[in-house]
Amino acid sequence: MRLDIIRNCALTVAKVLSLPAAAMLLILPAEARDLRPAMPATANLSYDPANEVDVELVLAVDISQSMDTEEQEIQRAGYVAALTSREFIDAIQVGPIGRVAVTYMEWGGVDEHFIVADWTVVKDAATASHFASKIAEAPLRQVQRTSIVSALEKSVELVQTNQYMGLRRVIDISGDGPNNQGGSVTEMRDRMVAAGVTINGLPLMMKTNKNSWQAMLNLDHYYEDCVIGGPGSFAIPVRSKEGFADAIRMKLVLEIAGLHLKEPDPYFQRVSGREPVRCNLFD
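1. Some remarks on the state of the cysteines
Reasoning step 1: Evaluated as defined, the whole model comprises 1 disulfide.
Reasoning step 2: The disulfide that involves C226 links it to C279, with 2.0 Å between the sulfurs. Here the disulfide of C226 and C279 is left-handed, its torsion about the S-S bond being about -85°. With C226 in helix α8 (residues 219-227) and C279 in the segment after β7 (268-270), the pair connects residues that are 53 residues apart, well separated along the chain. Each member of the pair, C226 together with C279, is buried.

2. A word on the packing of aromatic side chains
Reasoning step 1: Inspection of the entire model under this criterion finds 4 aromatic pairs.
Reasoning step 2: Plain terms: the ring middles of Y79 and F244 are 6.5 Å apart, the flat faces sit at 70° to each other, and that makes the pair edge-to-face. With Y79 in helix α2 (residues 69-83) and F244 in helix α9 (residues 244-257), the pair connects residues that are 165 residues apart, well separated along the chain.
Reasoning step 3: On the basis of relative accessibility, which here comes to 0%, the residue F244 falls in the buried class.
Reasoning step 4: Judged by centre distance (6.3 Å) and plane angle (55°), the ring pair of W119 and Y164 falls under tilted. Of this pair, W119 sits in strand β4 (residues 113-122) while Y164 is found in the loop between α5 (148-161) and β5 (165-175), placing the two residues 45 residues apart along the sequence.

3. Things to note about the packing of helix α6 (residues 185-194) against α8
Reasoning step 1: Close contact between α6 and α8 brings their axes to 9 Å; oriented N to C, the two are set at 55°. Regarding the angle of α6 to α8, the classification is oblique. Contacts between α6 and α8 pair V185, T186 and R189 from the former with Y222, D225, C226 and V227 from the latter.
Reasoning step 2: In terms of residue class, the contact of α6 with α8 is built from 4 nonpolar, 1 polar and 2 charged.

4. Section: the pattern of salt bridges
Should the charged atoms of two oppositely charged side chains come close, the side chains can pair.
Reasoning step 1: Throughout the structure, instances matching the rule amount to 13 salt bridges.
Reasoning step 2: One salt bridge connects D246 with R249, and the closest N-O pair in it is separated by 3.0 Å. Pair noted here: D246 and R249 are both in helix α9, with a separation of 3 residues, about one helical turn.
Reasoning step 3: Each of R76, E106 and R141 takes part in a single network of salt bridges with overlapping partners.

5. Section: the sheet that holds strand β2 (residues 52-62)
Reasoning step 1: The sheet built from 5 strands is open, its strands ordered β4-β3-β2-β5-β6 with mixed pairing. Every interior strand has two partners, whereas the edge strands, β4 and β6 (198-203), have only one. With direction set aside, neighbouring strand axes in the sheet form an average angle of 15°.
Reasoning step 2: The pairing of β2 with strand β3 (residues 100-107) spans 7 bridges and is parallel. Of the residues in β3, the one forming a bridge with V61 is E106.

Scoring rules and cut-offs
- Residues numbered from 1 in each chain as written.
- Predicted model: local features only at pLDDT ≥ 70, side-chain atom pairs only at ≥ 80, totals over all residues.
- Heavy atoms only, no water.
- Disulfide = S-S within 2.5 Å.
- Helix = DSSP H or I, 4+ residues; strand = E, 2+ residues; numbered from the N terminus.
- Buried < 20%, exposed > 50% of the residue type's maximum accessible area, 1.4 Å probe, protein only.
- Phe/Tyr/Trp six-rings, centres within 6.5 Å; stacked < 30°, edge-to-face > 60°.
- Axes fitted to C-alpha atoms, helices over the stretch in contact; angles between N-to-C directions.
- Parallel < 35°, antiparallel > 145°, perpendicular 65-115°, else oblique.
- Contact = heavy atoms within 4.5 Å.
- Nonpolar A, V, L, I, M, F, W, Y, C, P; charged D, E, K, R; others polar.
- Salt bridge = Lys/Arg side-chain N within 4 Å of Asp/Glu carboxyl O.
- Pairing = 2+ DSSP bridges.

Printed below as a string of structure tokens:
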């Protein structure tokens, strides 16, 4: 049964990658990374087997002012659809424990963090639907600045202070712009990775105008060089509104099931052959 689930997860990822409308690429770091699960220290909590999970996952979602209402609605709907998808549930049930702990946080400038859906154990369709309903029902917010630095720091705090004991700890951060407040994004990233987390990215490049600042800044390159880090980290750029839900679903399957596929060119790329991004340009 588990072999069938693993096979189905792999087929799902392959199918999503081959969709021409998705217009997305999975970006791997320049150097080969150790894909073994990180085993960070856990807070001083008494052992409870009920708190064991395969993954502690923070979904850190950008709500800065550059995200218009339509994009925010697409973003919310994409997460709800991905979290309740059969592929996501199958990926969870592949794990040795068969459950994950997830929280959904929206972020903007320094100290602007909003917990939309607090830590929840997801193990089946019912628990996934309950968690996703909190996201779907919450009012939309908008803030002015973009502090990836503050979002990363808060995300790691959420991981370190929860009651769960995960085999892996992952921060899934989405955003449509570079860090512009709070200090050095690379210094914060390195500190957070040293704390035992993996940071994956979802750079949002959905503006239709090819001359938009997002395209000119190569936001996907910025996330590759300046934001993601840790064992097995990756980023998936979203280049169209139509491909948003597919990108999130694929990303969650990869993060939960750990299905780091071999490189089926031209979809998988390693960062090479270009000038590195100046990460501190906007800090």
